[in-house]
Amino acid sequence: MTPYEMAEAVMFLASNQATSLTGMDLDVTGGYLAR
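Residues numbered from 1 in each chain as written. Predicted model: local features only at pLDDT ≥ 70, side-chain atom pairs only at ≥ 80, totals over all residues. Heavy atoms only, no water.

### Concerning the overall build of the protein chain
Right, on to step 1. Helices and strands together make up the secondary structure of the protein chain, namely 1 helix and 0 strands.
Right, on to step 2. A principal-axis box enclosing the C-alpha atoms of the protein chain has dimensions of 30 × 20 × 10 Å.
Right, on to step 3. Buried residues in the protein chain amount to 6% of all 35 residues.
Right, on to step 4. Carbon and sulfur atoms make up 57% of the accessible area of the protein chain, which totals about 3,200 Å². (Helix = DSSP H or I, 4+ residues; strand = E, 2+ residues; numbered from the N terminus. Buried < 20%, exposed > 50% of the residue type's maximum accessible area, 1.4 Å probe, protein only. Areas by Shrake-Rupley, 256 points an atom, 1.4 Å probe, with all protein chains shown as cover.)

### Some details on the environment of Leu13
Right, on to step 1. Here Leu13 lies in helix H1 (residues 3–14).
Right, on to step 2. Sequence-distant contacts of Leu13, defined by excluding residues within four places in its chain, comprise Ala18, Leu21 and Leu26. (Contact = heavy atoms within 4.5 Å.)

### Details of the environment of Met6
Right, on to step 1. With respect to the helices, strands and loops of the structure, Met6 is situated in helix H1.
Right, on to step 2. When the C-alpha positions of Met6 and Tyr32 are compared, they lie 14 Å apart, and in sequence the two are 26 residues distant.
Right, on to step 3. When residues no more than four places from it in sequence are discounted, the contact partners of Met6 are Met1 and Val28.

Here's what the structure looks like:
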């Protein structure tokens, strides 16, 4: 995972697009959990 990818997740959570997310986990692991 690069710092850019982490920043994209942070920017999404700070945006208006994330206002409807409640009670969810956002895994930002760079695919580590998908193995």
